[in-house]
Amino acid sequence: MDARGRTVSAAVQEHLRRLCLHEFPCGIGSWNKSRFLPQTWRSWRELIPREEVAGSPGEETVEDLLGLVCSPHSPWALLEGSSAEDRFLRQLAVQNPRMLKDTFFYSYFRSLQVVDKQVSLVDKDLLKFSKLEELVLSANQIKEIDAVNLPPTLKVLELYGNSITSMECLCVRPPPGLQHLGLGHNKLLGPSQSLYVTARHWPNLMSLDLGFNALTDLQGLMGSLSSLRHLRLLVLQGNPLALVPYYRGFTIDSLAGLCALDDVTVSPSERHQFRGLSRSGDFLAHEAQFVVTIGSVTGVLDTSVLDPEPGPQGPFITYSYYVTYDFVEDEEGEGSEYVEGVLAEIVKPSPSGEQLGDEIPQEVIPKEVIPEEVIPEEVIPEEVSPEEVIPEEAKDPVESVPTTTSQSAEMESVASGGSTPLPTSAEELAKLRPRTDLQLCPSPGTVLFSTVRKPWADVIQCNYEMQHRLRDLVPLKAFLLAGTTVTVVEEKILSWPVVPPLVDSPLSTKKGKGEKDKKQKEKGKQGKDGNDKAAAKGEKETAKEGKGSKKKREVPKELRQDPPVLRVLGSGRVLLEPLLMGEPLVSTVCNFGVIRTMESDRLTFFRDSKNKKKLLKKHKPAGSPVRTHVRVFFPVYEGDYQPEPLTVQVQIQLNQCRSAAEALRLLAA
């Protein structure tokens, strides 16, 4: 074996040894030695068995030995999936074992398939196979090939799944009659590869497979391939260049004799639709375009029903929900664009000291709002109802708040139904700085995107659509192979009243002045009883109005937000490899399992029923009868309860032009 690695000829010899062509029931031995003539006979009779002694006692017949070789139940049978050449050699080793010499092997083989044998070197001994027409060296460790060592009789050469980085090594002295060249799933990279696929090197090439490499120069490659007059079959899918919208149309219009592209037949109507597109190649944008759509989210646990009603001093708790996904970052700066009329946001850290002004209505205070931000720096612990109300699945999702040693006792008391004291100072909040949840961080080279924050609903409609334009196609291919991570996030925000500074109230000053005037009136003028009664009545009405306004001010208008507490409700990976394999669309429903329980759904149902009754009472017409008592029943029984799993609708589309006119409109845009 060559010192630089395992050679092709060594792998072939190892394969022949494993066929056991010289061992029972093959070859010559005590089981058949009397069947062959002595060495003194003429050479042409050397290979002819002696039929008259074929049935000698203690020896096996040819039929019995062939049965041991061919029967699938025999312990000497070949493994399932063995090639026809291997089966023929085994039968020949039973019938005429003296034929099995090196000269026979070199002239017999027309096809060699050395697959997944850790071969790294094509040696010169391969030239001894004088009639070899097909050579398959897939799934090995070949980085370079010395084309001088390839038999000139080759018509098919397959090198799939190796580590070849350039075709230059194949072009030194390639087989002149080669008709098919398979180089898919290698590491071909750079525009220089276009120089090695011309008629000068492959004058008779009819089929070329360069799929799943890292080729990016579509225009340069088509300029070289157009010189191959016999080219009929071409595979380029899996390369970054195949992600541009005009890829298929530009390739079809550039290669007039092409019959099939990426295993799809080129129809006459398709060729007509893309006619003339190749002349506009220099003006076409070298970028890929994707549209990401996120639909509805179902099966979300309504955590707000587990929280106590807020007091006059808070905290006022709001919950919101959103979906995040990561997408590759374009280093050339184009990045992503918003689709017209649709909101979409990039995840960024949220400020920790936001003030909520008068624009927040009272009905928002109970629990709604949402961001799409990365974990904040400060987080406060959540208040939780008794453990039996919280579903087991709802506890499993990862929260952004880590449990430290000092907090473990508090968390245990919360789980058992006790109340957790809320931090009241910046020092206490500083002790609760969380670690960043890895599920809410984008992968290296990607950016985290998010839907708009939405309040809880049985079906949360995200209505999200984002267009991504990417010019750096090589990392885009790696991203599509890895897929994107879709995550459903719950955000909890605690808001507190902003305490105003203590100042002297002007009302108290007026009150003191009024009492002084009253005493002076009692001393001097006590005869105006009618005026005093009117004044008393006015003061009474004023006091009544003041009391009503005080009641309205029980819910403060200015609130201070604590840093949000983020919890991952569900996370999973969406496979995007079909987009590399020619599929224009990946549409899926991510199922993260059930996180709701009957207890939580019952509480949600009763709360919604109560709100509905209040709404009906508010809008009831005058004079209609009033029902003093309404009974509300939960509409399911325990045995029939089937909670809906947490799901998200995700769709990622690769834009593809269906005609030359569409490609030119894209150029104008």
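Treat the numbers as computed from the prediction; the structure is a model and nothing was measured. (Residues numbered from 1 in each chain as written. Predicted model: local features only at pLDDT ≥ 70, side-chain atom pairs only at ≥ 80, totals over all residues. Heavy atoms only, no water.)

Draft legend 1. Highlighting the overall build of the chain. The number of helices and strands found in the chain is 16 helices and 22 strands. Buried residues in the chain amount to 43% of all 669 residues. Restricting to contacts in the chain with at least 6 residues of sequence separation, those with at least 24 account for 77%. Carbon and sulfur atoms provide 53% of the accessible area of the chain, an area that totals close to 37,600 Å². (Helix = DSSP H or I, 4+ residues; strand = E, 2+ residues; numbered from the N terminus. Buried < 20%, exposed > 50% of the residue type's maximum accessible area, 1.4 Å probe, protein only. Contact = heavy atoms within 4.5 Å. Areas by Shrake-Rupley, 256 points an atom, 1.4 Å probe, with all protein chains shown as cover.)

Draft legend 2. Geometry of the packing of aromatic side chains. Throughout the structure, instances matching the rule amount to 14 aromatic pairs. Here Phe24 and Trp76 contribute two aromatic rings whose centre-to-centre distance is 5.3 Å and whose plane-to-plane angle is 80°, an arrangement assigned as edge-to-face. With Phe24 in the loop between helix 1 (8–18) and helix 2 (62–70) and Trp76 in the loop between helix 2 and helix 3 (84–95), the pair connects residues that are 52 residues apart, well separated along the chain. The partly exposed category is assigned to Phe24, whose relative accessible area is 29%. (Phe/Tyr/Trp six-rings, centres within 6.5 Å; stacked < 30°, edge-to-face > 60°.)

Draft legend 3. How the structure looks around the pattern of salt bridges. As enumerated under the stated definition, the model contains eleven salt bridges in all. A salt bridge links Arg469 to Glu287, with the nearest nitrogen and oxygen atoms 2.8 Å apart. Of the two residues, Arg469 sits in strand 17 (residues 459–470) while Glu287 sits in the loop between helix 7 (268–273) and strand 11 (288–298), which places them 182 residues apart along the sequence. There is no split in this pair, since Arg469 and Glu287 are both buried. The closest approach of N and O atoms between Arg471 and Glu287, which form a salt bridge, is 3.7 Å. With Arg471 in the loop between strand 17 and helix 11 (473–482) and Glu287 in the loop between helix 7 and strand 11, the pair connects residues that are 184 residues apart, well separated along the chain. We classify Arg471 as partly exposed; its relative accessible area is 37%. What makes Glu287 buried here is its relative accessible area of 6%. Three or more residues are tied together by salt bridges with common partners; here these are Glu14, Arg17 and Arg18. (Salt bridge = Lys/Arg side-chain N within 4 Å of Asp/Glu carboxyl O.)

Draft legend 4. Quick look at the packing of helix 5 (residues 218–225) against helix 6 (residues 247–254). One way to put it is that helix 5 packs onto helix 6 with a least axis distance of 10 Å and a crossing angle of 25°. The orientation of helix 5 relative to helix 6 falls into the category roughly parallel. The crossing of helix 5 and helix 6 is right-handed. Counting all contacts with helix 5, which are made through Leu218, Gln219 and Met222, the residues of helix 6 involved are Tyr247, Phe250, Thr251 and Ser254. (Axes fitted to C-alpha atoms, helices over the stretch in contact; angles between N-to-C directions. Parallel < 35°, antiparallel > 145°, perpendicular 65-115°, else oblique. Left-handed = near helix turned anticlockwise from the far one by under 90°.)

Draft legend 5. Focus on a nonpolar patch on the surface. Taken together, the side chains of Phe283, Leu664 and Leu667 make up a nonpolar region of the molecular surface, amounting to roughly 290 Å² of accessible area. Here Leu664 shows up in helix 16 (residues 660–668). (Patch = residues over 30% accessible without salt bridge, like charges linked within 9 Å, V, L, I, M, F, W, Y side chains within 5 Å.)

Draft legend 6. Layout of the sheet that holds strand 9 (residues 260–261). What the eight strands build is an open sheet, ordered 2-4-5-6-7-8-9-10; its pairing is mixed. The open sheet terminates on both sides in strands that have one partner only, identified here as strand 2 (111–113) and strand 10 (264–265). Sheet topology note: the strand 2/strand 4 (residues 134–136) ladder contains three bridges and is parallel. Bridged to Gln113 within strand 4 is Val136. (Pairing = 2+ DSSP bridges.)

Draft legend 7. Spatial organisation of helix 3. Taking 1.5 Å as the rise per residue, helix 3 with twelve residues should run 16 Å; its terminal C-alpha atoms sit 17 Å apart, in good agreement. Taken together, the buried positions of helix 3 are Asp86, Leu89, Arg90, Leu92, Ala93 and Val94. On the buried face of helix 3, the contacting elements are helix 1, helix 2 and helix 4 (102–108). (Expected span 1.5 Å × (residues − 1).)

Draft legend 8. Structural view of the nonpolar core. Among the nonpolar cores identified, the biggest contains 122 residues, and Leu150, Leu170, Leu181, Leu225, Phe290 and Leu476 are the most heavily contacted of them. If you tally residues by element for this core, the top one is strand 12 (residues 316–328), at seven residues. Once residues within four sequence positions are removed from consideration, Leu476 is found in contact with Leu243, Ala288, Phe290, Val328 and Leu470. (Core = buried A, V, L, I, M, F, W, Y, C linked by side-chain atoms within 4.5 Å.)

Draft legend 9. Up close: unusual backbone geometry. The amide bond that connects Phe24 to the next residue, Pro25, takes the cis arrangement and shows omega of 5°. With a phi angle near 55°, Phe212 is a residue other than glycine that sits in the positive phi range. Along the chain, the position of Phe212 falls in the loop between strand 7 (207–209) and helix 5. Take Phe212: its relative accessible area is 13%, and that puts it in the buried class.

Draft legend 10. Main features of the state of the cysteines. This structure, assessed with the given rule, holds zero disulfides. Cysteine Cys169 remains unbridged, with the sulfur of Cys171 as its closest cysteine sulfur at 7.9 Å. (Disulfide = S-S within 2.5 Å.)

Draft legend 11. Molecular detail of the confidence of the model for the chain. Confidence in the prediction for the chain averages 76 pLDDT; 66% of positions are at 70 or higher. Scored below 50 in pLDDT, residues 337–436 makes 211 contacts in the model with residues more than four places away or belonging to other chains. Contacts from residues 545–553, a stretch scored under 50 in pLDDT, to residues over four places away or in other chains number zero contacts. (pLDDT = per-residue confidence, 0-100.)

Draft legend 12. Main features of the side chain of His180. Mapped onto the elements, His180 comes out in strand 6 (residues 180–182). A polar contact of 2.8 Å, which involves the side chain of His180, links it to the side chain of Ser207. Residues within four places of His180 in sequence aside, it is in contact with Lys155, Val156, Leu157, Glu158, Tyr160, Leu205 and Ser207. (Polar contact = N/O pair within 3.5 Å; in protein donor to acceptor, adjacent residues only side chain to side chain.)

Draft legend 13. Here's a closer look at the environment of Ala147. Residue position: Ala147 is located in the loop between strand 4 and strand 5 (156–158). Residue class for Ala147 comes out buried when judged on its relative accessible area of 1%. Spatially, the C-alpha atoms of Ala147 and Arg173 are 5.5 Å apart, while their sequence positions differ by 26 residues. Contact partners of Ala147, with chain neighbours within four places excluded, come to Cys169, Leu170, Val172, Arg173 and Pro174.

Draft legend 14. Structural context of the packing of helix 2 against helix 3. Their axes nearest at 10 Å, the elements helix 2 and helix 3 cross at an angle of 155°. In terms of orientation, helix 2 lies roughly antiparallel with respect to helix 3. Between helix 2 and helix 3 the crossing geometry is right-handed. Touching Val62, Leu65, Leu66, Val69 and Cys70 of helix 2 are Arg90, Gln91, Val94 and Gln95, all from helix 3. Split by residue class, the contact of helix 2 with helix 3 holds six nonpolar, two polar and one charged. (Nonpolar A, V, L, I, M, F, W, Y, C, P; charged D, E, K, R; others polar.)

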